[in-house]
Amino acid sequence: MASTITKKIKAKISGLKLGYMNAAVTGLVTDLKEIRSYMKNDVRGEVFSFVLVDDSAEMRVSVFGKDLRSIWEVCNTSDAVRIAGGMVKTSDPRYNSTNNPMEVSLSVDSKGSIFRSNEVPTVSERACNYTRISDLQNVRLQENVDVLGAIDTLQPPEEVMTKAGKRINVAKVTIVDQSCRSVSCTFWGSSSDQAVNWSVGDILSIRRAKVQEYAGAVVLGCTCSEVRLNSDDTEVTTLTDWYTNAKQSDTEFQPLGAPCPSGAVGGSSDQRGSNRRVVMQLPVSHESFRDVDEIVLDFGEGIKKLYRLVPSGESQFESTRIDWSTQADETSRMSCEDFSGSSRNQ
């Protein structure tokens, strides 16, 4: 448990620094996830996470312990909680759905503690700043966005086998808005469970969706997103009426394509006969090399490297490879290997 001194010292989320929490923080609990079990060194443990919000910032909190049900219930039934005794560390972007680059790791079996708080912060919920689906092409890959859309197609949760041999549930929905564009949203693991309560025509408000790319198209990764179904909001009512009229008039919704192969961001695309030259941002996939003759890799700070692609004579999926005879330093070559799966010895 945290020391009495630590409990008495208060701090704002924005004031936390990397390292041991030397103060207690009070905030609203949002985006509470279910408890998951895990094994480490043959010892079973449990973990759940939530987003803590006060009037200064928001931050992801991961809670660890051997039996977390009572702690989870405190978070689930309290308007606000006070946490202390955790470690502030750099967040893992794979799981962090906030814009805070740090997160708190809290072990309730060690020094960490969570209590119900009567000091409810006077913080209003952050209003969603919705991005139109047609504008998602202009958003950098891996950035978080808020989107509002009507469900046009729905794939209920189903079990799939990952490349690592793990069985996991996944649900997919396609949402549309007044831009007459559609985008696929994917929910993995426990986040897919909520899809069983959805129907075509429902309006989803998705907060902190991650802009990604799959098979040359822009998609939204929503596993770590906060999703709300319908509401009395004016925007929701307007979108509902629009979708009803659009379906009655057989409106076609155009799928959202990637701005350039493999998600070139703010990139350029020159059409010179059958040749295309694109500016791309790491990381990208090998599949995106199809029908591309030249690639300019942007390493930031004005550093760009040109690579030419040559046929390998193999299948379409592997029809190109990097010509390592071009001028490039060792770092650039290694970066290319990382995303292309190519080898300089090919």
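Parameters at a glance
- Residues numbered from 1 in each chain as written.
- Predicted model: local features only at pLDDT ≥ 70, side-chain atom pairs only at ≥ 80, totals over all residues.
- Heavy atoms only, no water.
- Disulfide = S-S within 2.5 Å.
- Phe/Tyr/Trp six-rings, centres within 6.5 Å; stacked < 30°, edge-to-face > 60°.
- Buried < 20%, exposed > 50% of the residue type's maximum accessible area, 1.4 Å probe, protein only.
- Lys NZ or Arg CZ within 6 Å of the ring centre and 35° of its normal.
- Helix = DSSP H or I, 4+ residues; strand = E, 2+ residues; numbered from the N terminus.
- Expected span 1.5 Å × (residues − 1).
- Arc of directions from axis to C-beta.
- Contact = heavy atoms within 4.5 Å.
- Salt bridge = Lys/Arg side-chain N within 4 Å of Asp/Glu carboxyl O.
- Core = buried A, V, L, I, M, F, W, Y, C linked by side-chain atoms within 4.5 Å.

In the annotation of an unreviewed UniProt entry, the protein chain is listed under the name REPA_OB_2 domain-containing protein and assigned to Macrostomum lignano.

Student: So what's going on with the state of the cysteines? Residues and values would help.
Tutor: Scanning the model with the defined rule gives zero disulfides in all. Between Cys185, a cysteine without a disulfide, and Cys222, which holds the nearest cysteine sulfur, the sulfur-to-sulfur distance is 4.3 Å.

Student: Residue-level account of the packing of aromatic side chains, with values.
Tutor: Per the counting criterion, the structure on display carries six aromatic pairs. With 6.4 Å between their ring centres and 50° between their planes, Trp242 and Tyr243 make a pair best called tilted. Classification of Tyr243 by relative accessible area gives buried; the value is 6%. Directly above the aromatic system of Trp72 lies the positively charged group of Arg69, at a separation of 5.0 Å from the ring centroid.

Student: Go over helix α3 (residues 234-248), please, and point to the residues and values.
Tutor: Compared with the 21 Å implied by 1.5 Å per residue over 15 residues, the 22 Å span of α3 between its first and last C-alpha is a close match. Burial in α3 covers these residues: Val236, Leu239, Trp242, Tyr243 and Ala246. The buried residues of α3 occupy an angular sector of 130° when projected down its axis, which confines them to one face. Turned more than 90 degrees away from the buried face of α3 sit Thr234 and Gln248, all of them exposed. Two residues or fewer past α3, Asp250 is found with a positive phi of approximately 55°.

Student: Report on the environment of Val160, specifying residues and quantitative values.
Tutor: Structurally, the position occupied by Val160 is in strand β11 (residues 144-161). Residues Val160 and Val170 lie ten residues apart in sequence; the distance between their C-alpha atoms is 7.0 Å. Leaving out residues up to four positions away in the same chain, Val160 has contacts with Lys166, Arg167, Ile168, Val170 and Trp188.

Student: Account for the pattern of salt bridges, with residues named and values stated.
Tutor: According to the stated counting rule, one finds 15 salt bridges in the structure shown. Between Arg60 and Glu103 there is a salt bridge whose closest N-O contact spans 3.4 Å. With Arg60 in strand β6 (residues 58-65) and Glu103 in strand β9 (residues 102-107), the pair connects residues that are 43 residues apart, well separated along the chain. Taken as a pair, Arg60 and Glu103 share a single burial class, namely buried.

Student: Any chance you could break down unusual backbone geometry for me, citing the residues and the numbers?
Tutor: Phi at Asp42 is positive, roughly 65°, even though this residue is not glycine. Here Asp42 lies in the loop between β4 (36-40) and β5 (43-53). Assessed through its relative accessible area of 74%, Asp42 is described here as exposed.

Student: Tell me about the nonpolar core, and name the residues and values.
Tutor: Judged by nonpolar contacts, the single largest core of 25 residues is most densely connected at Phe48, Phe50, Val63, Ile83, Val104 and Ile114. Residue assignment for this core shows that the elements contributing at least two residues are β3 (24-30), β5, β6, α2 (69-77), β7 (80-84) and β9. Ranked by the residues each element gives to this core, the list is headed by α2, at four residues. Of all hydrophobic cores here, the second largest spans 24 residues; its members include Leu141, Ile175, Trp198 and Leu256.

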